[in-house]
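Residues per chain are reported as follows:
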Amino acid sequence: MTLLELSGLRAGYGGSVVLDGVDLTVGEGEVVALLGINGAGKSTTMRVITGLLDPSGGRVVFGGVDITHFPAHKRVAEGVCLSPEGRLVFPHLSVEDNLYLGSFHPRARPHRAESLERVYALFPILGERRAQKAGFLSGGEQQMLAMARALMGRPRLLLLDEPSFGLAPLILEVVFNTIGEIARSGISILLVEQNAQAALGVAERGYVLSEGRITLSVSAAELSSSSDMRTLFLREIEETTVPAPVSIESKPAAVEAGLDPEPILQIRGLHRTFGGLVAINNLALDVKRHQFLGVIGPNGAGKTTLLNLITGYYAPSAGEISLNGQRIDGLKPYDVCVRGVGRTFQLVQCFPEMSVIDNVITGALFARDARISLEEARERVRRPLELVGLERKTDVLAGTLALGEQKKLELARALATQPQLLLLDEVMAGSPHEDVVELMAVLRAIHAAGTTILMIEHLVHVILGLAQHIVVLNFGEKLFEGSPDEVVADPKVIETYFGTPTNK
Amino acid sequence: MPFAATAVVNDWIITAASMVILAVSWNLAASAGLISLGHSAFWGVGSYAAVLTANKLGLPLVVALIPAMLIGALLGALLALITGRLRGIFFAIATLALSEGLRVIAVMTPGFTGGGEGIYINPELRIGAHWVAAIMVVGALISILVTWMISRTSWHFAFRAMRANESAAQMLGVRPITFRVGILALAGAMAAFAGGVRVWYGGFIDPGMAFDLQITILAQIGPLLGGIYTLVGPVIGALLSVLLSEAARIWFGAQGFGLLVYGVALVLCILFLPHGVWGGVLQLWTYGRRRIRGKQ
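Here we summarise the structure given alongside this text. Nothing here was measured: the structure is a model prediction, and the numbers come from that model.

Conventions we followed
- Residues numbered from 1 in each chain as written.
- Chains lettered and ligands numbered in written order.
- Predicted model: local features only at pLDDT ≥ 70, side-chain atom pairs only at ≥ 80, totals over all residues.
- Heavy atoms only, no water.
- Helix = DSSP H or I, 4+ residues; strand = E, 2+ residues; numbered from the N terminus.
- Rg over C-alpha atoms; globule rule 2.2 N^0.38 Å.
- Buried < 20%, exposed > 50% of the residue type's maximum accessible area, 1.4 Å probe, protein only.
- Patch = residues over 30% accessible without salt bridge, like charges linked within 9 Å, V, L, I, M, F, W, Y side chains within 5 Å.
- Areas by Shrake-Rupley, 256 points an atom, 1.4 Å probe, with all protein chains shown as cover.
- Salt bridge = Lys/Arg side-chain N within 4 Å of Asp/Glu carboxyl O.
- Axes fitted to C-alpha atoms, helices over the stretch in contact; angles between N-to-C directions.
- Left-handed = near helix turned anticlockwise from the far one by under 90°.
- Contact = heavy atoms within 4.5 Å.
- Parallel < 35°, antiparallel > 145°, perpendicular 65-115°, else oblique.
- Nonpolar A, V, L, I, M, F, W, Y, C, P; charged D, E, K, R; others polar.
- Pairing = 2+ DSSP bridges.

**Quick look at the overall build of chain A**
For chain A, the helix and strand inventory stands at 21 helices and 20 strands. In terms of C-alpha radius of gyration, chain A reaches 23 Å, essentially the compact-globule figure of 23 Å for 504 residues. Structurally, chain A occupies a C-alpha span of about 70 × 50 × 40 Å along its principal axes. Within chain A, the proportion of its 504 residues that are buried is 58%.

**What about a nonpolar patch on the surface?**
Residue and element names in this part refer to chain B. Where nonpolar side chains cluster on the molecular surface, the patch consists of Val8, Trp12, Ile250, Trp251, Phe252, Phe257, Leu260, Val264, Val267, Leu268, Leu271 and Phe272 and spans about 1300 Å² of accessible area. Among the elements of the structure, α1 (7-30), α11 (233-252) and α12 (257-272) are those that each provide at least two residues to the nonpolar patch. If you tally residues by element for the nonpolar patch, the top one is α12, at 7 residues. Structurally, Leu260 is set in helix α12.

**Points about unusual backbone geometry**
Phi at Glu162 of chain A is positive, roughly 55°, even though this residue is not glycine. Turning to its location among the elements, Glu162 of chain A is positioned in the loop between β7 (157-161) and α7 (169-184). The backbone phi angle of Tyr229 of chain B is positive, close to 65°, even though this residue is not glycine. Considering the arrangement of structural elements, one finds Tyr229 of chain B in the loop between α10 (213-226) and α11.

**Observations concerning the packing of helix α2 (residues 39-57) of chain B against α10 of chain B**
Residues and elements named next belong to chain B. For the pair α2 and α10, the least separation of the axes is 7 Å and the interaxial angle reads 120°. The crossing of α2 and α10 is right-handed. Residue-level inspection shows His39, Ser40 and Trp43 of α2 in contact with α10, the latter providing Ile215, Thr216 and Ala219.

**Quick notes on the packing of α1 of chain B against α10 of chain B**
Residue and element names in this part refer to chain B. Orientation of α1 relative to α10, taken along the N-to-C sense of each, is 80°, at an axis distance of 8 Å. What the angle tells us is that α1 and α10 run roughly perpendicular. Contacts between α1 and α10 involve Met19, Leu22, Ala23, Trp26 and Asn27 from the former and Ile215, Leu218, Ala219, Gln220, Gly222 and Pro223 from the latter. Looking at the contact of α1 with α10, its residues break down into 8 nonpolar, 3 polar and no charged.

**Quick look at the environment of Ala185 of chain B**
Residue and element names in this part refer to chain B. In this fold, Ala185 is placed in helix α8 (residues 176-202). A residue is classified by how much of its surface remains accessible, and Ala185, at 18% relative accessible area, is buried. Considered as a pair, Ala185 and Ile127 are 58 residues apart in the sequence and their alpha carbons are 29 Å apart. Sequence-distant contacts of Ala185, defined by excluding residues within four places in its chain, comprise Ala73, Gly76 and Ala77.

**Side note on the sheet that holds strand β17 (residues 421-425) of chain A**
All names here are of chain A. If you walk across this open sheet you meet the 6 strands as β16-β17-β18-β13-β19-β20, and the pairing is mixed. Both outer strands of the open sheet, β16 (341-343) and β20 (477-482), are each paired with one neighbouring strand and no more. Mean inter-strand twist for the sheet, computed between neighbouring axes without regard to direction, equals 20°. Sheet analysis places strand β19 (residues 469-474) next to β20, joined by 5 bridges and oriented antiparallel. By the bridge assignment, Ile470 is partnered in β20 with Gly482. Running over the sheet, helix α18 (residues 433-448) touches β13 (292-296), β17 and β18 (452-456) and is turned about 145° from β18.

Such coordinate-based values are descriptive only and should not be taken to indicate function.
As structure tokens, this is what we get:
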């Protein structure tokens, strides 16, 4: 029986049309994947189903009731619950209070205790951290909280928008197993996901959305084998060895042979606690000049905290951080930037009301002690914008870009600061397979041009394909470091991070 | 002078031009994410600085405006330094407290400010209302010119970035405190100028008038009505708000009902033109262009 039916759905923002007649159904107890490139309209579809955006045409029918113009809270009461893109947990509330809010409506409230028990069984880490403020959770843990919060509403239809965002491989497996379990308990699921392989592993059917229309609607098995799909979305194992563009050597021989022995970044005895919780514990780390360093580790290992410590967003509780031999711990982010460090953020932080080009110009204008003119800045941002492939969207407002594009914009903005050391926090997240391959080539080019890169990434094939050296963090400590080959062979790393032995 | 035909016209011009200055000044701070609920503080210190220096030293208006603007700028810079990283509602409350604190100080220091009884400008220093109007108009034009010039510099980028996300802006090398001090000093000087000129028109100032909450509210109505964060919006909004309030007063009399109509008109405008009158005009313009392009 059909639970959700979208017919001829049209919607957009301001004057622009994003959905141009979408037809889609989700059956009772069915798992359906909604796939498509960035900007295809997937998140917009989710917004219309949940009532956060009013459609300009078409109908949304849920359980036989026309809910097209129901306000959002009434839809939740009907059983439509969303785990949104970008998590949107309430950072100042405790984990348990976040979950309580998930069961706010009268239909779910009487079952609160029972639901709570169930989500803690699904996500034990949330049970352990129930009293902590959600803002202190790591990115991956927040993702779990967002899903758990949606489940607290006793959904008949669970909408998951990019549930794999920011998840370590081990947890990714757990989460997708959990999605399977949820589905088996009779809840219908509509899944938006860039990790098509994972999505099609649990989904029965899939739709491909392109330019606001459904262009393909088939069973998951057919979708996986369809040749278009393979080239467009699926992450294949061969990718590990994607050849770099001819002009760029993936690991320049000169650099490989003689990495400057003097590290560009030197970290000693670094320590940081948050309200009794140790996030970084006595960490020592060297980043050599011209190195491409990968940092991996389970969710909550302290990877993003490390970047926040380097860039001055957090002050270390103890320890030293030196850049080019000069101490930078205790400096403010703007001073760290002026000394030649650029970064992107795990959750995108572009300036939504500014155009794409103005975002990047801001990066070019202030990053050096010597100010440059606006004309010069305008000239300088052309190259970064071309590199990330946004040169044709320069006048678009940043806030209207899809998540993956905003990530690229942040990369361009960081590049415009002309950093010696570039820190990347899951810059590939939210990008479909095709873009990931392109972005890998871009990062190789940036590295070959002399920029030192420190990259946090959960896409295993990306980090193994790019990094010369990998550091594995766990509980804020260095668990292991070595070459990519050594990392994938280490039993400790396999156990804590990859989950299953990997030959990728 | 042709525009000085009647006292009423002078009154309109002075009110309208001072509203434009206040709106432009408030909008300038708001464009960097600094929402002020204490613009009367700048206006008030401007009024007092102009009157006190003039009376002590026998300065004419144009000269007395220099200390007024300096004090206004100093107060703005000081506010930026004291409030540090306070943002949003916390910054707004701090500005409200500043204005209220200054009012109390003005009441408590009668030897200096005349206290609650207020203070008169030395009658010999007063000038004709048409001169006051002319100076206020020149001030309004200069304040518009200044914000236009700023909009063509790198400051424009820093302001918008700070408004959107001050934390992320820092990673691009934007040092927020520099811009906060700069923008609040400038906004403070503008509002203090308006306060200084206005007191010459009335000839009298007391703490209640100088640090009146209504000044703060009027400063925001212009940008909200005309189009916040834009160059033209605050100017249109300020003129429109004066027009509305005068029209309501003339048609319905000074009391009660006129104010009600004025209030309703404002609320309707804000409700149905969320980006202000100027935003509505721009929207109509793009809509029209799209229609024309569609027909071709």
